[in-house]
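What follows is each chain in one-letter form.
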Amino acid sequence: MPRRRSNSRSSSAGTMRSARSARSTSSGASSVGSSLALGPLSLHGGANLAEHALPASDPAAAAEGFARLLEELQRPGADPRSVRQAACCAALVETARERRTASSNASSSEEATPNEVFVAALAALSSLQSSLEAQQQSEDADVATMAQEVENTALPLLEILRRLLPYVAHHSNNRGALLAHQFGPLSRMLRLFVALGHALPSGADSTARKKKKGAPSSAGQAGGNALLRQVLKVSTTLLLVAPPSSVSEKDLARLLHTTIVPLFHDPRPKVRKAAWGCGTEIVAVASMGTSSSATVEDEGGDAEWARRLGRQRQSIADFVWEYCHAIVANYEPGSKEMEGKLVRALRFLAAALPFADDGRIRVRFGEGCLQLMDGGEAKKGEGSLEVVREALLTVLACLEATEREQELDGTEGKSVGGEEMPKFAARALAFLLQHKPSASNASYGGGDVGVVYGRCLLACMERMLGNESNDDGDEAVAPSKLLALKLLPNALASTLHLCEDGDAADGGGETCGAEFNRFVSRTVPSVAGHLSRSDSQLRRVALEVLPQCVPILQQATQIKYRNAWGSILPGGYATFVSTLAAGLLEGKFSDGGDLSGAEDQLQSWIKALVAPLLRLHGDVAKDGASRTAVEYAASTIVRGTGAELFLSVVDFVDDDAVDGAKGRPASTTGGGVRDDRAWLLPLMKQSAATDVSAAHMSITSKTHLAFFQSRVLNLARRCDAASADGHRTAAEASIQKARVVELWSLFPAFCACPLDVKENFATVAKTVVRALGDHGRYPKLIPIICSGLKTLAVGVMERAANSSSAGAKGDYDVLSSVSTKIIPSLFKLVETLNQSSSVAAGGDSAMDVDDSSSKEVQSKNNQQNAQLVEAVTDAIGQLARITPSEFLQTLFKKVVQRLLQATSDVAGGDADEKDAKNAATVRTCSLLGLSQALVASGSLDDASLSLLYRAVKPLVRSDEHDPRVQKRAYKVLAELCERHKEFVTADERLGEMVDLMVDSIVTCQVSARHMRLKCMTHIVEGLESSNEAHMAVIPKVMGEVLLCLKDSNSKTRESAYQLLLAMATARDDMTDFFRIILAAMGAQTTHMRSAAVMALSRLTFEYARDDPEVQSLLPSLMQTVAVLFDDASREVTKSVIGFVRVSVAAMTPEQLEPLLPEVVGGLMKYNKGKDRFRAKIKIILKKLVRVYGYDAIVPLVPEKDSRLITHMRKLSERAARRKAAGVQDGRSVAHDFDDMMESDEDDSDDGRTFMTGVTGFTKMTAMSGKASRRSAMERSIRSKSGVSDVKTAMTSRSAKASGPRIKAELNGEILDLLDSSKMARSVRFADMDMGGDGDFGSDDDDGGMDDMQYDTQGRIVISDGPLPKAAGSKHEAEDFDSEDENEEIKSGGKRRRVSRFELVKLAKAEKDAAKLRKQKSKKEAESSLGAAYKSKKAGGDVKKKGQKYEPYAYVPLNAKDFTKKNRGKSVSKMGTVVRNSKRKRS
C-alpha cells in the first residue's frame, strides 16, 4: 500500500510539474529575494518568510548583512537561549579564525567568512551527533545528560546553522558550491537528528525522570520536542535555499520525505504543528515570487540562477501538494487514524491554498473536498462532522480570491486557471445547494458548519459573478454569471435556511444571520445594478430573478426565524429593500439611469417587503426584543428609501382597509393616521434629521415639495381635524396633535434637496405661513418650519453659486420672490411671541394659592418663547440673504421707524402706566432682535446701517430704559461691528463710535457689560497705532477694562481679557502700554490695584515668551509689583502672588537671580495671608529651588520658616527616589492662565505639605472659597433644623472640619503616623470658619463671613447680630468649648482628659435635646387636621375612647382660615385628608 501511494505521488508530481511548465515559460522566473517583499509573515513553523530569502544580490551588501548577522548572534540577551547561542557562535567564529591561521598566513583579526563558520558549525554538529549516539547506545545512558547537551549545544548550533544557510548558498559565494558539496552529509545529519529526537523524551518527561533519581530538577530543560522543531526549521531553510541545478530533485525529495513529511502526523501536537507550518512556509515562498526576475537583473544578480531556484522551489511545493492530494484521494471512512490524517491535511490546505497562485491547484483540491462531502456514493458513506467542516473550509479557501488576485483585480486569475475557477464555483454551488444543512443530515448538524456553508455559498456566487467593470463592454456575458444570477434565489433561500434552527442561548441565530446579511449585501447590489445597465440580457435576467427573491425575503418574518430577527431584519432584509429603493431612485433622478419601465415593478416589490414587516410589529407588540428588531429594521428602510418613497408605499390612512393576513380592521380612530402605523412617525422624524445633516450626499435626499403638500400635509390635516373632534378625550386629542408635529417634522428633509422649488414652493409657502400663524396650538411647529426654511435657503444659494444651470437660477428667483411674503410673517410672529411673554409677565396670576408654581410656569413659558424667537430670527437672517435688496431695505426702514416709535413710548410713558411701558419695552426688544437678524444676514447697505446706528445710539447712551433694552442695543451694535467692520472703522465713523463707548460708560447696565466689551473689542481692532487720536482712546477705557477683569460674570471677565489683548496689539508699544496699566497700581481702592496686577499677569503670560520687549520689561515689572508685598489686602495679595508665579515661569534665570532676595522675602513676609496662600507660595518656591537649588534659596527664607524648606527638600528627595524606582505620581502642570492664577496644585505633592490626603484639598476646593460658602450654608441649615451635634468633647466648629491637619514638626521631621502618642499631640482639625486664616478663607478684605446666614433656598439672610445658635446647643459654650482647650489642641499638647462628671453632663444634655425635639414634633402633629384619629402603630385611622365623632365625620369651618392670607395654610392642612382618602380608596 505505501508503495502504491508513493508511485501515485510520483506520477502526480510529474503531472503537476508538466502543468506548471507553461506558466513558468510565460510568466518568468521567481526571484531569490522574492520573499523579501513579503515582510515578516509569521507562520506555524515559527519562522518568517523573509528568513528564507537569500541576501541582497550585491556581494558587498551580502557581506555587510553577514557581518550584522554575526554581531546579532554573538550579542547575548536576557533570555538564556540567546546566552547559549551567543556562546556557541563566538566559539564557532574563534574556531574558524584558528583554522584559517593554521592553514595559511592570514591574520586572525579578519572577519570570518560564511563558509568558514558553516564548516565549523557542521563539524561541531557532527561531533556532537556522534557523542549523543554513543551515549544512547551505552548501557548506562543518562537521558537527562543527553537532553542537557541537546539544550546547551545542539539547539544553538542548529539555529546558527539555519541562519548561515542563506549566505552560504548565495550566488556570489561561488553559487553555493560548498553547500551543494555538503548537502548530502548535512541531509544525513538532519535525518539522524530526527531519529535522535524520536529517541529522546520530551522536556517534561526528562524532568520527571530526573526527579525520580533524586537529582535537582531543571524546569527549562529541552527534550526531543525542541530538537525536532529545530530540525524542521533547518530542513525547511535548506530546502528553500539549496543551490539550483547543483542538488538533484531526488535528494531534495528525500530530505523532505525523511525530515518534514514523517512529522506531519507525529503524536506530539507541537511537533505536528511545526511540521505543517513548515509545509505552509514552503508553499508560500514558492508561490510568492513570480515577478521578481527583473528586480534581480536591476540589482546586478543572476536572473537565470533566480529562475532555476524558483522552479526548484515550485517542485518542492509540488511534492507537498501531491502528498496532501494522496491523503484526500485515498481516504476511507471508518478509520480513526486515516480520519485524523485527513483532518490535519485539510487544515493545512485551508491555510496554504490562499498562497497557491495557480487556480488549477485550488480546483483540484476543491473537487476532492466535494467528493469527500458527497455522501451519496456507496463506498464513501457519510462523513463525520469534523471532516465535513474542514472540507468546507478547504473549499472556501479554494474559492476566495487570493491577495495577488485582489491586487491585480482578477486579471492574473484569468490568465492562470481563471476560466476553471468559475466553472468549479458553479459545480460547487450546485453541490452545496443539493446538500443543504438540515437536522436530518448528520454531517451538517451542529457546530459552526452552517456558518462555513453560508460563506462557501457567498464565495461561489462572487466567483461566478466575477468583475463588474466589464459588464457594459462589448464582450459576451459569461455563462457562469448568467447561471449565478439564475441560482441567486436558491442560494438566498439556503442562506436564510441556516438561521432557522439558531439557538438564542449560544447566539447561533445571530451568527448565521450575520452570514445572511453578508450574502445579501455583497450579491444583491450587483444583481440590482443590472437593471440600469445597457446589457439587455443581464437586465432581463435581473427582472426575472429579483421577484423570485421577494417571497424568500418575506419568509424572514416568520416565527421560526425569531431568534435571528435581531440580525437579519435590520441587516439583510433592510439592505435588500434599500438596494431596490436605490435602484428605483437612481433610475428616476440620475441622468444616466434608465429603468425602461421597471419603476412600477420595483415599487411593488418594495411595498411587498415593507407590508409584512409592518404586520409583524403588531404581532410582536409584547416581545420587547423582537419589537426592537422590527423598529430598527423599519428605521433602516426609511433611511434607505427616503421619506418620499417610504410614504408612497405605506398606507397611513385607509378607513375601509382590513388587514388581509389577519382579518383585522385597520384602525384609524376617526380620520387621523392609522394607529397600527403611528409608530413609524417617530422613526421617520429621526430619519428626516439624518437626511438634513447628510443633504446632497445621498440620492434619498432628493424630494418633491408637491408630494409633501399633497401627502404629508394631508395626513397632518386629518390628524388636526381628529384632535378638534369634541367626542375625543383630552389625551386622545393630545396624541393627534403630537402626530401633527411628527408629520411636520419631515419638512426639513423635503427642503434639503427639492427638485420642484420653481413649480411648487409658492403653494407650499402659503401653507407654511398659515401653520406659523397657528403657533398658539402648535408652538413646536415654529422651530421645525424655521429649520426647513433655513435649509432650503442655504441649499438654493449653494446650488445657484456652484451651478450655472437654468434650474438652479429659477429656484433662486422663485425663493427670492416668495421670501418677500414669508419674511413679514416671520416679523409678525416675533412680535407676537414677545408680546405673549410680556402679557404673561405683566398679568396678575389667577391662582393666588401657590404663587411659586405660577412663577415657575411663567418662567418656563418665557424661556420657551425666547427659544422660539431665536429660531425665527435665525430663519429671517438666512432668508434675508436671498430676498430682493429693494424690498429688504424698505422693510428695514419700517422696522427702524417702529423701533424709534417704541423707544419714544418707553421714554415718554408715565410711571402709573406700568403695563403699557412694559409692552413698549418688549416691543422694543423684539424690534432690536429683528434688526440684529437683518444685520447678521449681511444684506443691508451702508445707508440702512447708518440709520440703524443712529437709532441704537440713544439706547446705548441712556440708562433710562429697561436693562433689557440696553442689552439688546449692545447686541445689535456688536453684530454691526462684527459683520460690517468696514462700516465701523470708516474714518468718519470710528471717532464717533469711540466717543460713544467712552461717554456711555457711566450709563452702562450690569447685564450689558459683556456685549459692550465685545463692541469695544471690534472697535479697538480697527484702531491705528500711528493715529494719536486713536491711541488716546486706550487710556480712556483702560479703567473700565481693568475693573471688568474682576467682574463676577465669567463671560464678562473673558471679554475684558480679550479686549485687553486687542488693545495691546493695537497700541503696538508694549512699554507704553504697560506704563498705562502701572498707573492703576496707584489707585486708592484695592479692587483697582488687584485688577491692574491681574492685567500685568495676563499680558506677561501671553507675550513674555515670544516678545523680546516684554521679556526685557519683566525685571522692572517685578520690582514695581514687589511694592505691593506690604499691602494688607488679601485681594491684592492673591493677585501679586499670581503675578510672581507667572513671571517666575517666564523670566530667564539671569533676569530673576538679582531679584531673588526681594521676591522670596516678599513672599515669606505675610502673616495672615501665608496660611491662605501657602500652596501657591510653595509652588513658587519649588520653581525657584528647581532653577537655583536649595543652597541659594535657604538663606533667603526667614529662620522661622526654615522648616518649610527642609520639608520641601525631603519631599523632593523622596520623589526622586520614587521616580528612580519607577513610581510616578502623575501630577498635572498648569498650562492655562486661569490655572496658574487659581490652581494650588503643582507637579510635586499638590499642596499636601502639613496636610494628609484625606483633607480633600483640590483645585476646585481651593478656588474662590466656594467650598467655604457651601459649608457655611450647610451650617446655617443645620442651625435652623435644630439638630444638635454635641457628641464629643471637641468644639462644634472643629467637629465640622473637612479633615484632620498635621501640625508642623520640629526641624522639618516627618511625622510617624504609626506612633499613637505623636499623632495625639500633632493632629488637629482644620478651621472651617469663613473668616479664618485657613486655606479656604475668602480673598476679600471684609474680614470673615461668620455673620452671614443662608436660608433653605440658599439666599443670604442679613441680620444685625451674630448667627443664632442651634436649638439645644446651649452646652456648646460650656467647658468643653473653652478657648484653653482649643489653644491646647492647636499647640500640639495633650488633650485635656474629660471627667466622668462631664461625660454624664454631656449625655444628659443630649437626652434633653432629644426630648425637646420629640415634644415639638408631637405638638406639630396634633395641630394638623385629623391628628386625633391617627394611629401610632399603623397607617390608618382609629377611634379612641372619649371621642364623640367618627374619623373625618366633618371638618370644622372657620372663615378666617379661608381668607387670602391664610388660604395656603388651610390647603396644606387639607392635603393630609386628601392624601389619606386617596390611599384609602386605592
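Colleague: Can you lay out the overall build of the chain for me, pointing to particular residues and giving the numbers?
Modeller: Scanning the chain from N- to C-terminus turns up 62 helices and eight strands. Within the span of the chain, comprising 1482 residues, buried residues form 48% of the whole. Pairs at least 24 apart in sequence give 74% of the contacts found in the chain among residues at least 6 apart. Working note: accessible area of the chain is about 70100 Å², and carbon and sulfur atoms make up 51% of it.

Colleague: So, the environment of Met464: which residues are in play, and what are the values?
Modeller: Inspection of the secondary structure assignment puts Met464 in helix 19 (residues 449-465). Classification of Met464 as buried rests on a relative accessible area of 2%. The spacing of Met464 and Lys481 is 17 residues in sequence and 5.2 Å in space, taken between C-alpha atoms. Contacts of Met464, omitting those with residues within four sequence positions, involve Pro422, Ala425, Ala426, Leu429, Ser480, Lys481, Leu483 and Ala484.

Colleague: Describe a negative patch on the surface, naming the residues involved and giving the relevant values.
Modeller: Together, Asp941, Asp942, Glu982, Asp987, Glu988 and Glu1024 give the surface a local cluster of negative charge. When you line up the elements, Glu988 lands in helix 40 (residues 987-999).

Colleague: Now, about helix 52 (residues 1174-1188): what can you tell me, with residues and values included?
Modeller: Compared with an ideal rise of 1.5 Å per residue, which puts 15 residues at 21 Å, helix 52 spans 21 Å between its outermost C-alpha atoms and is within 8% of the ideal. Where burial is concerned, most of helix 52 is hidden: 13 out of the 15 residues are buried.

Colleague: Please set out the packing of aromatic side chains residue by residue, giving values where relevant.
Modeller: What the rule picks out here adds up to 11 aromatic pairs. Centre to centre, the rings of Phe264 and Tyr323 are 5.6 Å apart; their planes meet at 45 degrees, and the pair counts as tilted. Here Tyr323 lies in helix 12 (residues 303-329) and Phe264 lies in the loop between helix 9 (249-260) and helix 10 (269-287), a separation of 59 residues in the sequence. In this structure, Arg1098 packs its charged tip against the face of Tyr1057, placed 4.7 Å from the ring centre.

Colleague: Pulling in residues and values, what's your account of a positive patch on the surface?
Modeller: Together, Arg717, Lys766, Arg770 and Lys821 make up a positively charged patch on the protein surface. Structurally, the position occupied by Lys821 is in helix 33 (residues 806-842). For Lys821, a relative accessible area of 57% translates into the label exposed.

Colleague: Account for the state of the cysteines, with residues named and values stated.
Modeller: Here the structure, examined in full by the defined rule, presents zero disulfides. With no disulfide partner, Cys512 has as its closest neighbouring cysteine sulfur the one in Cys499, 5.6 Å distant.

Colleague: Summarise the pattern of salt bridges; cite the residues concerned and give the values.
Modeller: Counted according to the given criterion, the structure contains 40 salt bridges. Notably, a salt bridge pairs Glu390 with Arg347, separated by 3.3 Å at the nearest N-O pair. With Glu390 in helix 15 (residues 385-399) and Arg347 in helix 13 (residues 336-352), this residue pair connects regions lying 43 residues apart in the sequence. With a relative accessible area of 4%, Glu390 lands in the buried category. Connected via shared salt-bridge partners are Glu304, Arg307, Arg308 and Arg311.

Colleague: Run through the side chain of Glu644, naming residues and quoting values.
Modeller: Following the sequence through the fold, Glu644 ends up in helix 26 (residues 643-649). Within polar-contact distance, the side chain of Glu644 engages the backbone nitrogen of His704 at 2.8 Å. Every residue in contact with Glu644, bar those within four places of it in the chain, is listed here: Lys702, Thr703, His704, Phe707 and Phe750.

Colleague: Explain the packing of helix 19 against helix 20 (residues 479-497) to me, and be specific about the residues and the numbers.
Modeller: Put simply, helix 19 and helix 20 touch, their axes get as near as 9 Å, and they point 160 degrees apart. By the angle between their axes, helix 19 is roughly antiparallel relative to helix 20. Judged by the twist between their axes, the crossing of helix 19 over helix 20 is left-handed. Only Ser480, Lys481, Leu483, Ala484, Leu485, Leu488, Ala491, Ser494 and Thr495 of helix 20 make contact with helix 19, whose side of the interface consists of Tyr453, Leu457, Met461, Met464 and Leu465. Residue classes in the contact of helix 19 with helix 20 are distributed as 10 nonpolar, three polar and one charged.

Colleague: Which residues make up the confidence of the model for the chain, and what are the values?
Modeller: For the chain, the average pLDDT comes to 75, and 69% of its residues sit at 70 or higher. Scored below 50 in pLDDT, residues 204-221 shows 20 contacts in the model against residues more than four places distant or in partner chains. For residues 439-443, every residue scores under 50 in pLDDT, and the model assigns this stretch eight contacts once sequence neighbours within four places are set aside.

Colleague: Kindly report on unusual backbone geometry, identifying the contributing residues and their values.
Modeller: Despite not being glycine, Arg175 shows a phi value in the positive range, around 55 degrees. Despite not being glycine, Asp1068 shows a phi value in the positive range, around 55 degrees. Its place among the elements puts Asp1068 in the loop between helix 44 (1050-1067) and helix 45 (1070-1078). By relative accessible area, Asp1068 is classed as exposed at 60%.

Colleague: An account of the environment of Asp535 is needed here, citing residue identities and associated values.
Modeller: Locating Asp535 in the fold gives a position in the loop between helix 21 (508-528) and helix 22 (536-554). Residue Asp535 is classed as buried on the basis of its relative accessible area, which comes to 15%. Separated by 58 residues in sequence, Asp535 and Val477 place their C-alpha atoms 8.9 Å apart.

Conventions and cut-offs
Residues numbered from 1 in each chain as written. Predicted model: local features only at pLDDT ≥ 70, side-chain atom pairs only at ≥ 80, totals over all residues. Heavy atoms only, no water. Helix = DSSP H or I, 4+ residues; strand = E, 2+ residues; numbered from the N terminus. Buried < 20%, exposed > 50% of the residue type's maximum accessible area, 1.4 Å probe, protein only. Contact = heavy atoms within 4.5 Å. Areas by Shrake-Rupley, 256 points an atom, 1.4 Å probe, with all protein chains shown as cover. Patch = residues over 30% accessible without salt bridge, like charges linked within 9 Å, V, L, I, M, F, W, Y side chains within 5 Å. Salt bridge = Lys/Arg side-chain N within 4 Å of Asp/Glu carboxyl O. Lys, Arg positive; Asp, Glu negative; His and termini not counted. Charge placed at Lys NZ, Arg CZ, Asp CG, Glu CD. Expected span 1.5 Å × (residues − 1). Phe/Tyr/Trp six-rings, centres within 6.5 Å; stacked < 30°, edge-to-face > 60°. Lys NZ or Arg CZ within 6 Å of the ring centre and 35° of its normal. Disulfide = S-S within 2.5 Å. Polar contact = N/O pair within 3.5 Å; in protein donor to acceptor, adjacent residues only side chain to side chain. Axes fitted to C-alpha atoms, helices over the stretch in contact; angles between N-to-C directions. Parallel < 35°, antiparallel > 145°, perpendicular 65-115°, else oblique. Left-handed = near helix turned anticlockwise from the far one by under 90°. Nonpolar A, V, L, I, M, F, W, Y, C, P; charged D, E, K, R; others polar. pLDDT = per-residue confidence, 0-100.

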